[in-house]
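Here's the letter readout for the chains.
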Amino acid sequence: MKKKYDFDRIIDRTGTHSVKWEGYESLYPGYKIEEAQMLSMWVADMDLPCPREVVEAIQKRAEHEIYGYISSSALDDFKSAAQAWYARQYGYETQLSWMSFSPGIVPAINAVIQEFTAPGDGVIVQQPVYYPFSNSVLNNDRNLQINQLLEVDGRYLMNYEELEEMAAMPETKLFILCNPHNPAGRVWTREELFRALEICHKNGVLVFSDEIHADMILSGQRFTSAGAVSPTFQENLIQGFAPSKTFNIAGLGASILVAASPILKERLDRRMLINQYPTTSTFGLVAGEAAYAYGDDYLAELLEYIEGNIDYAIEFVEEHLEGVQLKKPEGTYLVWMDFRGTGLEPQEIYSRILEKAKIAVDLGDWFGRGGEGFARINFACPRTYVEEAMNRLAKVFPKSES
């Protein structure tokens, strides 16, 4: 079948105020960043085109010439499209009454922390993990409890014994779950989720499940939404979804929160109102609705292409890089590359990547304990970018001649 999308096509993002490609030098204090020469593969923002239906929907709305406040009916349409997508893609049946709008998942996490915990309360995160989780806990003066993932032969597992100990502490009020996990690339199984959710339910610990990468599941894997594990666990569960990563529309700011418990939803909506978060986003809703309604074929092509990028890189690393390992992720388009086998200190590893290879990546230590010596690299880009990145890395981590 002929492909609908040309993901090999280079799209010049110069002059678009892209945070991925412009003005990010301050993220790397102590390193010399030459932006003009950098290959940018850090933030989870694809260098691939959006679905045509999304572009056309935005263009049609833009032609109206007035972009004022919009009614709740637009949000209802977005929710309905999302509800159908969750059922179609995940087998997760939701109700529209469970859904709330958020401009983003991170603002929602902060709202949950503020509403359901108090200063000094404990909030569990599983490091190494997406760094805004830990930052949000600390910025709100809560106690960061690190339930570090166990690394077994390059694959990450939950430490349930420690999770249960932390959940049993009287001060522990919230567990922020990353499902699928960023940056470890794990797609948690139903059994793994059941055990974690059961621990939290038994101890009265609220769970916020960030499921923003739910669509990015590689071959041989199956995504299970936390909300689909057991109706019992929905009593203390809030979930976050968004079309932003899947369809490359993060700049439009439209996410959906799901809380089956009316009590949780009422409190969450109240907190969002107190914080004066935007209640709608004109182009975000238009784009999100179109993406969820028409994005099935796009997603299938996208996953095939990204998996090809990852498979290429894995083979290249094995053949050409010394002391570097790349285990295939189960989900997301973010690879968690392990440079610890080089024997170099993390600072030297990052210096080689940033200053010598000139590749902008997310540094492993940003993700907390257990991230030292790793780099998270975004492979949602044209194949030529991946090839260039691998060749650059081969020059600074060359394979020794045997």
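Residues numbered from 1 in each chain as written. Predicted model: local features only at pLDDT ≥ 70, side-chain atom pairs only at ≥ 80, totals over all residues. Heavy atoms only, no water.

**Some details on the overall build of the protein chain**
1) Next: In terms of regular secondary structure, the protein chain is built from twelve helices and 14 strands.
2) Next: In terms of overall dimensions, the protein chain is globule-like: its C-alpha atoms have a radius of gyration of 21 Å, near the 21 Å expected for 402 residues.
3) Next: Along the first, second and third principal axes, the C-alpha atoms of the protein chain reach 65 × 55 × 40 Å.
4) Next: The buried share of the protein chain, taken over its 402 residues, is 55%.
5) Next: A separation threshold of at least 6 residues defines the contact pool for the protein chain, and within that pool the share at least 24 residues apart is 75%.
6) Next: Split by element, the accessible area of the protein chain, about 17,400 Å² in all, is 50% carbon and sulfur.
7) Next: Mean positive and mean negative side-chain charge positions of the protein chain (37 and 57 charges, respectively) differ by 1 Å. (Helix = DSSP H or I, 4+ residues; strand = E, 2+ residues; numbered from the N terminus. Rg over C-alpha atoms; globule rule 2.2 N^0.38 Å. Buried < 20%, exposed > 50% of the residue type's maximum accessible area, 1.4 Å probe, protein only. Contact = heavy atoms within 4.5 Å. Areas by Shrake-Rupley, 256 points an atom, 1.4 Å probe, with all protein chains shown as cover. Lys, Arg positive; Asp, Glu negative; His and termini not counted. Charge placed at Lys NZ, Arg CZ, Asp CG, Glu CD.)

**Some points on the sheet that holds strand E11 (residues 334-338)**
Note on sheets: strands pair through backbone hydrogen bonds, and any given pair is parallel or antiparallel.
1) Next: Within the open sheet, the three strands sit side by side as E11-E14-E13. Their pairing is antiparallel. Of all the strands in the sheet, just E11 and strand E13 (362-363) have a single pairing partner and so form its edges.
2) Next: Pairing analysis gives five bridges linking E11 to strand E14 (residues 374-378), with the strands arranged antiparallel. Bridging across to E14, Leu334 finds its partner in Asn378. (Pairing = 2+ DSSP bridges.)

**Some details on the pairing of strand E2 (residues 99-102)**
1) Next: Taking every second residue as pointing to the same face, both faces of E2 are buried, with Met99 and Phe101 on one and Ser100 and Ser102 on the other.
2) Next: As paired elements, E2 and strand E10 (residues 255-258) share four bridges and run antiparallel to each other. Bridge pairing in E10 places Met99 opposite Val258.

**Topic: the nonpolar core**
One recurring pattern in soluble globular proteins is that nonpolar side chains are buried together.
1) Next: Core analysis: the largest hydrophobic core is formed by 84 residues, its most contacted members being Tyr86, Met390 and Leu393.
2) Next: Here the element with the most residues in this core is helix H10 (residues 296-320); it accounts for eleven residues.
3) Next: Among residues more than four places away in sequence, those in contact with Tyr86 are Gly91, Tyr92, Thr94, Met99, Phe241, Ile256, Val258 and Tyr292.
4) Next: Counting 28 residues, the second largest nonpolar core, distinct from the first, contains Ala111, Ile146, Ile212 and Leu264. (Core = buried A, V, L, I, M, F, W, Y, C linked by side-chain atoms within 4.5 Å.)

**Side note on the state of the cysteines**
1) Next: Enumeration over the complete set of coordinates arrives at zero disulfides.
2) Next: Here Cys50 is not disulfide-linked; the sulfur of Cys381 is the nearest cysteine sulfur, at 15 Å.
3) Next: Cys50 sits in the partly exposed class, given a relative accessible area of 22%.
4) Next: Among the cysteines around Cys200, which has no disulfide bond, Cys178 carries the closest sulfur, lying 15 Å off.
5) Next: What makes Cys200 buried here is its relative accessible area of 0%. (Disulfide = S-S within 2.5 Å.)

**Side note on the packing of aromatic side chains**
1) Next: Enumeration according to the criterion identifies 29 aromatic pairs in this entry.
2) Next: Ring plane angle 55° and centroid distance 5.5 Å describe the contact between Phe7 and Tyr305, whose orientation is recorded as tilted. One end of the pair, Phe7, is in the segment before strand E1 (39-40); the other, Tyr305, is in helix H10, with 298 residues separating them in the sequence. For the pair shown, Phe7 and Tyr305 are each scored as buried.
3) Next: With a centroid separation of 6.1 Å and 15° between ring planes, the pair formed by Phe78 and Tyr292 is classed as stacked. Here the residue Phe78 occupies a position in helix H2 (residues 72-90), and Tyr292 occupies one in helix H9 (residues 282-294), the gap between them amounting to 214 residues. Tyr292 carries the same exposure label as Phe78, and that label is buried.
4) Next: A cation sits over an aromatic face here: Arg52 above Tyr5, 5.3 Å from the ring centre.
5) Next: Sitting above the plane of the Tyr305 ring, Arg383 keeps its charged end 5.1 Å from the centroid. (Phe/Tyr/Trp six-rings, centres within 6.5 Å; stacked < 30°, edge-to-face > 60°. Lys NZ or Arg CZ within 6 Å of the ring centre and 35° of its normal.)

**Observations regarding the environment of Ile146**
1) Next: With respect to the secondary-structure elements, Ile146 resides in strand E4 (residues 143-146).
2) Next: Residues Ile146 and Gln127, spaced 19 residues apart in sequence, show a C-alpha to C-alpha distance of 6.3 Å.
3) Next: The residues contacting Ile146, other than those within four sequence positions of it, are Val125, Gln127, Glu162, Met166 and Arg369.

**Structural notes on the packing of helix H1 (residues 52-62) against H9**
1) Next: Following both chains from N to C, one finds H1 and H9 inclined at 145°, their axes separated by 8 Å at the closest point. The handedness of the crossing between H1 and H9 comes out as right-handed. On H9, the residues that touch Glu53, Val54, Ala57, Ile58, Arg61 and Ala62 of H1 are Thr282, Phe283, Val286, Ala287, Ala290, Ala291 and Tyr294.
2) Next: Residues that form the contact of H1 with H9 fall into these classes: ten nonpolar, one polar and two charged. (Axes fitted to C-alpha atoms, helices over the stretch in contact; angles between N-to-C directions. Left-handed = near helix turned anticlockwise from the far one by under 90°. Nonpolar A, V, L, I, M, F, W, Y, C, P; charged D, E, K, R; others polar.)

**With respect to the pairing of E10**
1) Next: Of the two faces of E10, the one carrying Ser255 and Leu257 and the one carrying Ile256 and Val258 are both buried.
2) Next: One ladder, built from three bridges, connects strand E9 (residues 237-241) with E10; its direction is antiparallel. Pairing of Phe241 across the sheet is with Ile256, part of E10.

**Here we look at the sheet that holds strand E3 (residues 122-125)**
1) Next: With mixed pairing, the seven strands of this open sheet are ordered in space as E2-E10-E9-E8-E7-E3-E4. Lying at the two open borders of the sheet, with one neighbouring strand each, are E2 and E4. Sheet twist, expressed as the mean angle between neighbouring strand axes with direction ignored, is 25°.
2) Next: With respect to the sheet, helix H3 (residues 105-116) is in contact with E2, strand E7 (172-178), strand E8 (206-210), E9 and E10, its orientation differing from that of E8 by roughly 175°.

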